[in-house]
Amino acid sequence: MTNTEKNLLLIDGSSIAFRAFFALYTQIDRFVAPSGLHTNAIFAFHTMLRNVLDKVQPTHVLVAFDAGKTTFRTEMFADYKAGRAKTPDEFREQMPFIKEMLEAQGITHYDLTNFEADDIIGTLATQAEKAGFDKVTVVSGDRDLTQLTTEKTTVEITIKGVAELETYTPAYLNEKLGLTTEQFIDLKALMGDKSDNIPGVTKIGEKTGIKLLLEYGSLAGIYDHVDQMKTSKMKENLINDREQAFLSRELATIDLDSPIKIGLDETLYQGADYDKLKAFYKEMGFHKFLEDLEGVTEKVVEVIEFTVITDKPSPDMFHEDQFFYLEILGDDYHRDEIIGFAWGDDKQIYVSKDTSLLAAISFPKNTFDFKKNKVLLARQGIDYPLVSFDTMLAKYLYSTIENNKISTIADLFGYDLADDELVYGKGAKRAVPEDAVLFDHLARKIAALVKTKTPLVDKLRENDQEKLLSDIELPLANVLAKMEITGIKVSGGVLSEIGLENEQVIKALTAEIYELAGEPFNINSPKQLGVILFEKMGLPAIKKTKTGYSTAVDVLEQLAAQAPIVDKILKFRQISKIQSTYVTGLLGEIMADGKIHTRYVQDLTQTGRLSSVQPNLQNIPVRLPEGRKIRKAFLPENTDSVLLSSDYSQIELRVLAHISGDEHLISAFQKGADIHTSTAMRVFGIDKPEDVTANDRRNAKAVNFGVVYGISDFGLSNNLGISRKAAKTYIETYFERYPDIKNYMENSVRSARDTGFVETLYHRRRNLPDINARNFSVRSFAERTAINSPIQGSAADILKVAMINLDKALQAGNYQAKMLLQVHDEIVLDVPNEELSAVQALVKLTMEDAITLAVPLLVDENSGKTWYEAK
DNA sequence: TGCCTCACG
DNA sequence: ACGTACGTGAGGCAA
């Protein structure tokens, strides 16, 4: 029979964490994780934990935490723990990570509403003794817990930080104070406790308290005899504070029978989860621990066995739980060729570079970057049906801070994988390596994907993001793949025509500018332009950049009245921009099929929006007529179809109305009011909409934008060209009239401070490591982000849901109409003429019903023979 | 490669 | 006092 001794270790997590924080407080700036999080308390807590685990060798462990500010003790005595200094932000931000560390260590932690960690510990210690445990060890930074010492229960109290412990047994307590554990509680009742704000009896401290207890046995004994005591100030105090003394006793007594919902068997210590622990150490920047750990655990990604397939693979080589991955050298999967592929699990990995074998693949359900793989396979004429897991998307949902390369993800979870740059080279030197190197790298990628899936899935589950992956990002990837493959027809002829006109204009403007400047120079060079305007011509330099004079639009616009050259330069800039980015740029992206196939980057933005690259089709000009003409080149596939553009009206403000619950904003949207006019009326105290001037509305619109962005007086004043003081007044009035918007903003920031992140309606997260930064501007930025991200992100989520639903609805209705583009709050479709009225209704309905909010969603639609006409 | 500028939501 | 509006991509310049 093996040793069956049961040995329980109970740790007072809240008190130890607090001690740990101050133990390394002087070195706080040395303990910073890569994310910016302070780690001094985490580090010291970890050290203490390792020491104690080593010393006690427990079979069961539990770390108890205080649940919150109010407990049953505050019900008894409102001032319990009152007057305590607010815990520093640098400390609070570490608490969730201490818990994460415990989870990685395989240690249960627990808290209970209305009770303190002491009570959980006392209750479990009592239960353990009754259940026949051989030994219980309690660790705390609070000497009050010594009242739990019994023959079987030892209490360890930290001294000097958290490195050394003082061991309390009944014998030691007796030796040290001459008291029993019962008497120790009475002592506290007499003395009180400054840190917990327990009053005790006036003027009685440790010495007098002990003397009295030794003489009368107990608190009750003292009061039984108080009348017989000879007259003294102390006697008077005892009598006066009698009630207070007994209340103090109750407050100081640990509850040994608190209603915990955790059993002793749940405290069983199973040892650390090395994968989690490695990922945790990495996240915290605990390099030394990481090295120690890697000494004892294998680096699985290092040792790879794989089979190179040269013949048609057989069906028994596939099953759903494997990962599949296709490799290209760059990012451009619309043009680059497949250089190899691999699939497998933790037992067997297959690799090949023979693309003719792809037709025989039966696809596993896991991959990395489904959209890319789907597009690459579509180019081979192969359909890749939707998978159930995509590591790239999962990682993006878990954290947007790092990039989502396989090597980065491997690294994040403690595995080592060579970066693509290292294997394939970069820039001009990038090339397909020799087979052995390529196959090895591909096999390692599969191994890394297999290894990191479980911890990633765990993270998503912890963060309540499983549905966000399975119901939004994954199906969206499928929809986006189809849109990218479809592409949009762009007329090179129309672009070239615009280009020729632009060249004439640019030529004429260039001549006029040289004439006015008195010399030729490169107008596109801000540096040369600065010299001409601010040195040669002596115009006032309003703004500076890091490298010299600013020549940005807002600066030039202020100078326009002073020199005719300025307007010419502005016009030159405008047309040059159109020419280089939109005429030349887009012409270079039209592929052999006469279409542009953009790539939607699904794993990049901090808020959950998509981005569009190569080319960017989300910033095609629309505001100014000269640029807007570019849209005449964007065409439907056939002459008998049109482009339909459907966009949400004010989706971000509607989301804000919903999230904040502000009754005024909600009712304005419910009434279908013009929202900026309505804001103007409320903020400027105007009774009738017709009395709102264009200027009032413009100002109100700027305020509404500001609110969504995380308003500041400076930003608003800049935007509106008014004084900071005036902007401040606007904001103050706005907050008075929309109090729930103010509450939303404050709550967002507060919650970000407590948890380190904010989230959207669909649990998309943005971590904000800078929210407690000491640097004002760094912290302010994080605060504005805390306000903006849930709004922008929820709006992005909603359009994603709409796109997924629309894709389904179009299929179900057997329509030929196809989604082509997404521009943040807009979807562009190619619709055959005969389907137009039905599809137009379907798109509107689908978008407006994507989610039910406290306000209606409204979609505006336009169609035409070009994108220009569909606006 | 970093900076400036400017296109979009 | 601090020094900002939120989120992107691309072209041209200057090192």
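Residues numbered from 1 in each chain as written. Chains lettered and ligands numbered in written order. Predicted model: local features only at pLDDT ≥ 70, side-chain atom pairs only at ≥ 80, totals over all residues. Heavy atoms only, no water.

Per an unreviewed UniProt entry, chain A goes by DNA polymerase I and derives from Pseudolactococcus carnosus. You can read under Subunit (unreviewed entry) in the UniProt record for chain A the words "Single-chain monomer with multiple functions." (UniProt positions renumbered as here; feature names shortened; annotations may be inferred.)

Trainee: Give a description of the nonpolar core that names residues and reports values.
Mentor: Where a protein is soluble and globular, its nonpolar side chains tend to be buried together. Phe-324, Ile-630 and Tyr-648 are the most contacted members of the largest nonpolar core, which has 178 residues in total. A per-element tally of this core places helix H33 (residues 776-812) first, with 13 residues. Excluding residues within four positions of it along the chain, Ile-630 makes contact with Leu-495, Ile-498, Ile-578, Tyr-582, Val-583, Leu-586 and Ile-620. Listed in part, the 44 residues of the second largest apolar core include Ala-125, Phe-133, Ala-189 and Ile-204. (Core = buried A, V, L, I, M, F, W, Y, C linked by side-chain atoms within 4.5 Å. Buried < 20%, exposed > 50% of the residue type's maximum accessible area, 1.4 Å probe, protein only. Helix = DSSP H or I, 4+ residues; strand = E, 2+ residues; numbered from the N terminus. Contact = heavy atoms within 4.5 Å.)

Trainee: Any details on the sheet that holds strand S18 (residues 641-648)? Residues and values, ideally.
Mentor: The strand order S21-S22-S18-S23 describes an open sheet built from four strands, whose pairing is antiparallel. For this open sheet the edge positions go to strand S21 (818-822) and strand S23 (859-864), each flanked by a neighbour on one side alone. Adjacent strand axes in the sheet meet at a mean angle of 25 degrees when their direction is disregarded. The pairing of S18 with strand S22 (residues 826-832) spans seven bridges and is antiparallel. Within S22, the residue paired with Ser-641 across the bridge is Pro-832. Sheet strands touched by helix H34 (residues 836-848): S18, S22 and S23. Its angle to S18, the strand with the most contacts, is close to 20 degrees. (Pairing = 2+ DSSP bridges. Axes fitted to C-alpha atoms, helices over the stretch in contact; angles between N-to-C directions.)

Trainee: Provide a residue-level description of the UniProt feature "domain: DNA-directed DNA polymerase family A palm" (unreviewed entry) in chain A, including the pertinent values.
Mentor: Sites flagged by UniProt as "domain: DNA-directed DNA polymerase family A palm" (unreviewed entry) map to residues 627-835. Across residues 627-835 one finds 58% helix and 13% strand; the C-alpha atoms that close the span lie 30 Å apart.

Trainee: Can you explain unusual backbone geometry? Please cite residues and give values.
Mentor: Here the residue pair Gln-614 and Pro-615 is connected by a cis peptide bond, since its omega of -5 degrees sits within 30 degrees of zero. With a phi close to 70 degrees, Lys-203 is a non-glycine residue in the positive phi region.

Trainee: With reference to specific residues and values, describe helix H30 (residues 713-720).
Mentor: Residues Asp-713, Leu-716, Ser-717 and Leu-720 constitute the buried set of H30. Seen from one end, H30 has its buried residues packed into an arc of 100 degrees, which puts them on one side. H30 presents Asn-718 and Asn-719 as exposed residues on the side facing more than 90 degrees away from its buried surface. Residues of H30 that are buried make contact with helix H29 (694-709) and helix H31 (724-737). Backbone geometry just after H30 places Gly-721 at a positive phi near 65 degrees. (Arc of directions from axis to C-beta.)

Trainee: Give a description of the protein's contact with DNA strand B that names residues and reports values.
Mentor: Inspection of the region around DNA strand B gives 21 residues, with Thr-551, Val-553, Val-622, Arg-623 and Asp-825 positioned closest. Separating a sugar or linking oxygen of DNA strand B from a side-chain N or O atom of Tyr-582 is a distance of 3.5 Å. Here a base nitrogen of DNA strand B sits 3.5 Å away from a polar atom, N or O, in the side chain of Gln-792. In terms of residues, the surface near DNA strand B owes the most to one element, helix H24 (residues 564-587), which gives three residues. Considered class by class, the residues forming the surface near DNA strand B number seven nonpolar, eight polar and six charged. (Near = heavy atom within 4 Å. Polar contact = N/O pair within 3.5 Å; in protein donor to acceptor, adjacent residues only side chain to side chain. Nonpolar A, V, L, I, M, F, W, Y, C, P; charged D, E, K, R; others polar.)

Trainee: So what about the packing of aromatic side chains? Which residues, and what values?
Mentor: Under the definition given, this model contains 32 aromatic pairs. Residues Phe-286 and Phe-289 carry aromatic rings whose centres are separated by 5.6 Å and whose planes lie at 90 degrees to one another, so their mutual orientation is edge-to-face. For the pair formed by Phe-286 and Phe-289, the shared burial category is buried. A ring pair is formed by Phe-634 and Trp-867, whose centres lie 5.2 Å apart and whose planes are at 70 degrees; its orientation type is edge-to-face. Here Phe-634 is found in strand S17 (residues 634-635), whereas its partner Trp-867 is found in the segment after S23, with 233 residues between them in sequence. Trp-867 carries the same exposure label as Phe-634, and that label is buried. Counting every residue linked through ring pairs, the aromatic cluster contains Phe-318, Phe-324, Phe-341, Trp-343, Tyr-350, Phe-363, Phe-370 and Tyr-384. One residue, Arg-682, lies across the ring of Tyr-738, its end atom 5.5 Å from the ring centre. (Phe/Tyr/Trp six-rings, centres within 6.5 Å; stacked < 30°, edge-to-face > 60°. Lys NZ or Arg CZ within 6 Å of the ring centre and 35° of its normal.)

Trainee: Please provide a residue-by-residue account of the protein's contact with DNA strand C, values included.
Mentor: Neighbouring DNA strand C are 34 residues, the closest being Asn-522, Ser-525, Ser-611, Phe-714 and Phe-776. Taking the atoms of DNA strand C that fall within 4 Å of the protein, sugar and phosphate contribute 61% of them. In this structure, Lys-527 approaches DNA strand C through a side-chain N or O atom, which is 2.9 Å from a phosphate oxygen. Taking Gln-614, its main chain carries an N or O atom lying 2.8 Å from a phosphate oxygen of DNA strand C.

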